[in-house]
Amino acid sequence: MSILVTGAAGFIGSHVSRRLLARGETVIGIDNLNDYNPVALKRDRLAAIAGGAGGDRFAFHRLDFSDHAAIDAALGGIDIDRIVHLGAQAGVRYSITNPRAYAASNLTGHLNILELARERQAAHLVYASSSSVYGTSPDLPFSVEQRVDFPISLYAATKKADELMSEAYAHLYRLPQTGLRFFTVYGPWGRPDMAVWGFTAKILAGEPIELFNDGRMLRDFTYIDDIVDGILATLDHPPVDDGAAKPGGSVSPHAVYNIGNNRAEALEKLVALIEQACGRSAIRINRPMQAGDVPATFADISAIQRDVGFAPSTPIEIGIPRWVDWYRRYIAH
Ligand SMILES: NC(=O)c1ccc[n+]([C@@H]2O[C@H](COP(=O)([O-])OP(=O)(O)OC[C@H]3O[C@@H](n4cnc5c(N)ncnc54)[C@H](O)[C@@H]3O)[C@@H](O)[C@H]2O)c1
């Protein structure tokens, strides 16, 4: 089976590529290696894919998928059976200063991947959405059946738009698709722009960390290996075109799932576990809650549990020490 993975040099895409190769698939990875996060880290992730089990079945193309001519030029003549579309302009804060990066990667880019899937009659397109579509909804746990029409960032608006574009393609072309609303993912090869990386780097460097609402915010953290299990299980279960309503409400072959841990953890507990694994205490600067911030987010994952058997099994007590161990080895290399 030949699988296209977009964002293959990214955090989640690099893990998915390695796991697909390890189970015998052929993987075509694409990424434009932009510098939103360090390019050296992206190159190291690619080297880990090529050097891992089945790495000889990995082909990488550096290209910008918002450029459809570049996709055609690089992938014309290459077999693609299924697609895992993880490439995107991520991050909430960056969308305030660089809104056009989100339009290019997340709107035009998503459309180009839909067109590619349609042209190739892909058996399944799994794509990344985000828990940020829930905005400041007070309805916990967040469920894919609730209304999500009130984004509080352009990033969230583009992710919701992706779900709508996908729905139109599922309806018009009966293209089987699954949208995954990721909650905060952490683990080895993670992202420097995310809190877990930032806290760890600062604690080890003896620099202060900022904690909002005294760390009493509750968040849903999912360990990368659990997320990859869920993505692969989803990829292997394309929604059936039987007219029945799918999670998220579509009557076309298009399911939308939350993929997270179904438990909310206090940020303060996360910091305590990082301190313990680092063997150093954090210097805390407590700040009040920020405007627009929400005290708690966590996922209702019953639909993905029921349909594909997703069962996250790594509590933060296990995942955080593994993460810190990887981080220390990586920065020392
Ligand atoms: N990591 C999380 O906690 C989280 C949470 C919610 C949603 N998501 C979503 O999951 C997906 C994967 O996230 P991640 O954490 O691996 O992010 P990431 O930033 O590490 O990976 C995304 C990759 O896409 C590439 N990319 C961006 N625009 C591109 C373009 N136009 N052409 C080619 N490549 C492009 C980037 O270079 C990057 O390597 C993203 O869609 C993200 O929005 C992630």
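Procedures and definitions
Residues numbered from 1 in each chain as written. Predicted model: local features only at pLDDT ≥ 70, side-chain atom pairs only at ≥ 80, totals over all residues. Helix = DSSP H or I, 4+ residues; strand = E, 2+ residues; numbered from the N terminus. Rg over C-alpha atoms; globule rule 2.2 N^0.38 Å. Buried ≥ 20, exposed ≤ 12 C-beta atoms within 10 Å, placed from the backbone. Contact = placed C-beta atoms within 7 Å. Pairing = 2+ DSSP bridges. Axes fitted to C-alpha atoms, helices over the stretch in contact; angles between N-to-C directions. Near = placed C-beta within 6 Å. Nonpolar A, V, L, I, M, F, W, Y, C, P; charged D, E, K, R; others polar. Core = buried A, V, L, I, M, F, W, Y, C linked by C-beta atoms within 7 Å. Arc of directions from axis to C-beta. Parallel < 35°, antiparallel > 145°, perpendicular 65-115°, else oblique. Left-handed = near helix turned anticlockwise from the far one by under 90°.

Tallying secondary structure elements over the protein chain gives eleven helices and 13 strands in all. Rg of the C-alpha trace for the protein chain: 19 Å, near the compact-globule value of 20 Å for 333 residues, within the 12% margin. Overall, the protein chain is about 55 × 45 × 40 Å in size when its C-alpha atoms are taken along their principal axes. Sorting the 333 residues of the protein chain into buried and exposed places 46% on the buried side. Once local pairs closer than 6 in sequence are excluded, the contacts in the protein chain between residues at least 24 apart make up 81%.

The topology assignment puts Glu268 in helix H9 (residues 267–278). Judged by C-beta crowding, with 16 C-beta atoms within 10 Å, Glu268 ranks as partly exposed. C-alpha separation for the pair Glu268 and Ser302, spaced 34 residues apart in sequence, amounts to 27 Å. If near-sequence neighbours (up to four positions away) are discounted, Glu268 is found in contact with Gly215 and Arg216.

Along the chain, Met1 turns up in the segment before strand S1 (2–6). C-beta crowding within 10 Å serves as the criterion here: with 14 such atoms nearby, Met1 is assigned to the partly exposed category. Once residues lying within four places of it in the same chain are set aside, the contact partners of Met1 are Glu25, Thr26, Asp81 and Arg82.

Moving on to the sheet that holds strand S6 (residues 177–182). Taken in spatial order, the seven strands of this open sheet run S3-S2-S1-S4-S5-S6-S11, and their pairing is parallel. Lying at the two open borders of the sheet, with one neighbouring strand each, are strand S3 (58–62) and strand S11 (254–259). If you compare each strand with its neighbour and ignore which way they point, the axes differ by 20° on average.

Across five bridges, the pairing between strand S2 (residues 26–31) and S3 is parallel. Within S3, the residue paired with Gly29 across the bridge is Phe60.

Right, let's talk about the site of the ligand for a bit. Around the ligand, a shell composed of 29 residues is seen, among which Gly7, Gly10, Gly87, Ala88 and Ala128 lie nearest. For the shell around the ligand, the secondary structure elements donating two or more residues are helix H1 (11–22), S2, helix H5 (99–120), strand S5 (124–130) and strand S7 (184–186). With three residues, the single largest contributor to the shell around the ligand is H1. Of the residues contributing to the shell around the ligand, the split by class is twelve nonpolar, 13 polar and four charged.

Among the nonpolar cores identified, the biggest contains 82 residues, and Val5, Val84, Ala117, Ile259 and Ile274 are the most heavily contacted of them. When residues in this core are grouped by element, the largest group, seven residues, is from helix H6 (residues 154–173). Ignoring anything within four residues of it in the chain, the contact list for Ile274 reads Phe199, Thr200, Ile203, Ile320 and Val324.

Right, let's talk about the environment of Asn32 for a bit. Residue position: Asn32 is located in the loop between S2 and helix H2 (39–51). Residue Asn32 is classed as buried on the basis of its C-beta count, with 20 C-beta atoms lying within 10 Å. Here the alpha-carbon distance between Asn32 and Ala8, two residues 24 residues apart in the chain, equals 9.4 Å. With sequence-adjacent residues up to four places away left out, Asn32 is seen in contact with Arg62, Leu63 and Asp64.

Moving on, we come to the pairing of S11. With six of its six residues buried, S11 lies for the most part within the structure. Here S11 shows two buried faces, one formed by His254, Val256 and Asn258 and the other by Ala255, Tyr257 and Ile259.

Here the focus is helix H7 (residues 195–205). If you check which residues of H7 are buried, you get Val196, Phe199, Thr200 and Ile203. An end-on view of H7 places all buried positions within 95° of arc, on one side of the element. For H7, the elements touching its buried residues are S7, strand S8 (208–212), H9 and helix H11 (316–332). A positive backbone phi angle near 75° is found at Gly206, which sits one or two residues after H7.

Further remarks concern the packing of H9 against H11. To characterise two packed helices, one gives the angle between the axes of the helices and the distance between these axes. One can describe the packing of H9 onto H11 by two numbers: an axis separation of 9 Å at closest approach and a directional angle of 45°. The angle between the axes of H9 and H11 places the two elements in the oblique class. Here the hand of the crossing between H9 and H11 comes out right-handed. Contacts from Leu270, Leu273, Ile274, Ala277 and Cys278 of H9 reach H11 at Ile316, Glu317, Ile320, Pro321 and Val324.

Glancing now at the packing of H1 against H2. Following both chains from N to C, one finds H1 and H2 inclined at 5°, their axes separated by 9 Å at the closest point. Here H1 lies roughly parallel to H2, going by the angle between them. Residues Ser14, Ser17 and Arg18 of H1 form the contact with H2, whose own contacting residues are Arg45, Ala48 and Ile49. Considering only residue class, the contact of H1 with H2 consists of two nonpolar, two polar and two charged.

The values are spatial; any link to function lies outside them.
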